[in-house]
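Listed below are the residues making up each chain.
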Amino acid sequence: MRLFMKKNSDGAGLIFTLSDDRGKELYKVTGYKGTTCDKFSISTPEGISLARMRLVPLKFFYAFGVNVKGKTVGVTVMDTGGVPEYKFHGLDWFMKDDCFGRAFRIYDKNDKLIMAQADNHFSSRGYFELDIKDEDKELFCIAAAVCVDLFGSVSETLAASI
């Protein structure tokens, strides 16, 4: 499935909208800044929550918790001053390519492509293109893309939304 993820700056807590190739909005990502962690939700356009995310900034890394239908997985981001390193916990996934430039691929332990994000339309059209190969993992893939696309700008994005 191909999705187009557009970053929003409407100031009302809406961070991303995701649409299909015909422009039909399928999901929205909202968030708010908490005192100890930032919280996000992946919802239908009608507001029905499908997945919840939590970001906890720790001393040496950032930890994202993602809950979809009762299954919780984690994504940690190590920022060593160069290219951020992403690790999945609870899924046998790993990331390849240039996450710093927002273009990346996610593979499973057997080297099977799970999803790819292209950033070739971001500067000209304002969206990322997600190519999700396994529809059963669609919400986890969207959550992974949100983790990458918000890294380094989470506090600024949420502060602007409040």
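See the structure above.
Our subject in this report is the structure included herewith. Note that the structure is a prediction, hence the values are computed from the model and not measured. Counting from 1, residues in each chain are numbered in the order their sequence is written. In view of the model being predicted, local features appear only for residues whose pLDDT reaches at least 70, and side-chain atom pairs are presented and counted only at 80 or more, with totals across whole chains, interfaces and linings using the full set of residues. Side-chain measures here rest on the full set of heavy atoms in the structure, leaving out hydrogens and waters.

**Examining the sheet that holds strand S11 (residues 113–118)**
Two strands are counted as paired when DSSP detects at least two bridges linking them. Comment: elements are numbered from the N terminus, with helices defined as DSSP H or I runs of at least four residues and strands as E runs of at least two. The 12 strands lie next to each other as S8-S7-S6-S5-S4-S3-S2-S1-S12-S11-S10-S9, forming an open sheet whose pairing is antiparallel. The strands lining the two open edges of the sheet, one partner per strand, are strand S8 (85–89) and strand S9 (93–96). On average, each strand axis in the sheet is inclined to that of its neighbour by 20°, with strand direction left out of account. The criterion used for residue contact is that any of the two residues' heavy atoms lie within 4.5 Å. Note on geometry: axes are lines fitted to C-alpha atoms, helical ones only across the stretch in contact, with angles between N-to-C directions running from 0 to 180 degrees. Set on the sheet, helix H2 (residues 138–150) makes contact with strand S1 (2–7), strand S2 (14–19), strand S3 (25–33), strand S4 (38–43), strand S5 (49–57), strand S6 (61–68), strand S7 (71–78), S8, S9, strand S10 (104–108), S11 and strand S12 (127–132); between it and S1 the angle comes to about 35°.

**Observations concerning H2**
Here H2 contains 13 residues, and its C-alpha end-to-end distance of 18 Å stays within 8% of the 18 Å for a straight helix at 1.5 Å per residue. The buried count for H2 comes to 13 of 13 residues, which makes it a mostly enclosed element. Multiplying 1.5 Å by the helix residue count minus one yields the expected span of that helix. Relative accessible area decides the class of each residue, using a 1.4 Å probe on protein chains only: under 20% of the type maximum gives buried, over 50% gives exposed, and in between gives partly exposed.

**Some thoughts on the pattern of salt bridges**
Here a salt bridge means any side-chain nitrogen of Lys or Arg lying within 4 Å of a carboxyl oxygen belonging to Asp or Glu. For the coordinates displayed, the defined rule picks out six salt bridges. Taking the shortest distance from any N to any O, the salt bridge between Lys96 and Asp111 comes out at 3.6 Å. Within this pair, whereas Lys96 is found in strand S9, its partner Asp111 is found in the loop between S10 and S11, the two being separated by 15 residues in sequence. Between Lys133 and Asp131 there is a salt bridge whose closest N-O contact spans 2.9 Å. The partly exposed category is assigned to Lys133, whose relative accessible area is 47%. Owing to a relative accessible area of 18%, Asp131 belongs among the buried residues under this scheme.

**As for unusual backbone geometry**
A positive phi angle, close to 50°, is found at Lys69, a residue other than glycine. Topologically, Lys69 is positioned in the loop between S6 and S7. Positive phi outside glycine occurs at Asp111, with the angle close to 65°.

**Thoughts on the pairing of S6**
Across seven bridges, S5 lies against S6 in antiparallel orientation. In the sheet register, Met53 faces S6, and the bridge partner there is Val66. Hairpin connection between S5 and S6: a loop of three residues separates the two successive antiparallel strands. Pairing between S6 and S7: eight bridges, direction antiparallel. Bridge pairing links Ala63 to Thr76 in S7.

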